Amino acid sequence: MSRLYEVMFIVRPDVAEEDVDKLIAGFTTNVTNGGGVVKNVEKMGRRKLAYLVRKFNDGNYILMTIEAGGPVVLELERRLRVSEPIIKFITVRIDEEEKRLAKVKALRGTRRKVSAEAPAAAAPAPAPAAHSPAPEAPEAAVQASV
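Quick notes on the rules
Residues numbered from 1 in each chain as written. Predicted model: local features only at pLDDT ≥ 70, side-chain atom pairs only at ≥ 80, totals over all residues. Heavy atoms only, no water. Helix = DSSP H or I, 4+ residues; strand = E, 2+ residues; numbered from the N terminus. Buried < 20%, exposed > 50% of the residue type's maximum accessible area, 1.4 Å probe, protein only. Contact = heavy atoms within 4.5 Å. Phe/Tyr/Trp six-rings, centres within 6.5 Å; stacked < 30°, edge-to-face > 60°. Expected span 1.5 Å × (residues − 1). Arc of directions from axis to C-beta. Axes fitted to C-alpha atoms, helices over the stretch in contact; angles between N-to-C directions. Parallel < 35°, antiparallel > 145°, perpendicular 65-115°, else oblique. Left-handed = near helix turned anticlockwise from the far one by under 90°. Nonpolar A, V, L, I, M, F, W, Y, C, P; charged D, E, K, R; others polar. Core = buried A, V, L, I, M, F, W, Y, C linked by side-chain atoms within 4.5 Å.

(A) Here's a closer look at the environment of I10. Here I10 shows up in strand 1 (residues 3-11). Look at I10 and you get buried, because its relative accessible area is 9%. When the C-alpha positions of I10 and G45 are compared, they lie 9.7 Å apart, and in sequence the two are 35 residues distant. When sequence neighbours within four positions are dropped, the list of residues in contact with I10 reads L49, G59, N60, Y61, P85, I86, I87 and K88.

(B) Up close: the packing of aromatic side chains. As enumerated under the stated definition, the model contains one aromatic pair in all. Aromatic pair F9 and F27: ring centres 5.4 Å apart, planes at 80°, arrangement edge-to-face. Placement of the pair is F9 in strand 1 and F27 in helix 1 (residues 17-33), with a sequence separation of 18 residues. You'll find F9 and F27 in the same group, each marked buried.

(C) Quick look at the side chain of T65. Along the chain, the position of T65 falls in strand 3 (residues 56-68). Ignoring any residue separated from it by four or fewer positions in sequence, one finds T65 in contact with L4, Y5, E6, V37, V38, K39, N40 and I94.

(D) Focus on helix 1. An ideal rise of 1.5 Å per residue puts 24 Å on 17 residues; helix 1 measures up with 24 Å between its terminal C-alpha atoms. Along helix 1, the positions that sit buried rather than exposed are V20, L23, I24, F27, N30 and V31. Projected down its long axis, helix 1 shows its buried positions confined to an angular sector of 120°, all on one face. Helix 1 presents E18, K22 and N33 as exposed residues on the side facing more than 90 degrees away from its buried surface. Summarising the contacts, the buried residues of helix 1 are in contact with strand 1, strand 2 (37-53), strand 3, helix 2 (70-82) and strand 4 (86-93). Downstream of helix 1 by one or two residues, G35 has phi in the positive range, about 100°.

(E) Region of interest: the packing of helix 1 against helix 2. At a closest axis distance of 9 Å, the pairing of helix 1 and helix 2 adopts a crossing angle of 155°. With respect to helix 2, the element helix 1 is oriented roughly antiparallel. Read as a crossing pair, helix 1 and helix 2 show a hand that is right-handed. Contacts between helix 1 and helix 2 involve F27, N30 and V31 on the former and, on the latter, V72, E75, L76, R79 and L80. Residue composition of the contact of helix 1 with helix 2, grouped by class: five nonpolar, one polar and two charged.

(F) Up close: the nonpolar core. F9, V11, F27 and I66 are the most contacted members of the largest nonpolar core, which has 19 residues in total. Once residues within four sequence positions are removed from consideration, F27 is found in contact with F9, M64, L76, R79, L80, S83 and I86. Counting residues in each nonpolar core, the second largest holds six residues, with I10, V53, Y61 and I87 among its members.

Structure representation (structure tokens):
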């Protein structure tokens, strides 16, 4: 059963761009050889890390969107774990979230907009409330408290 995953990994900042491309190509072939499909690879560039990771303050972020089964993802994670240039990675399953969003979108499509059906009739403006004169008792209360 194929599911949709996002795999984000951070490559050490001292790795050359050609080596990063080779690394991505290796992970892509790993996924395709296992029967999965790489939907998208996005290089997000060099960014500062929130905290020190393996003595690095920044790293190159790469986001891969893949459609694969569980064993393929496990093998990819194993390779990410043992690759020296990778300092951090995370894998998130996103197909359930997409199903939920599609369901909400379909539900919104079936609802009618009340404002679109009929223009609102000009409602009479509410009558302003009559102002009652302020009672003169507050002065007495002030003098009593003093």
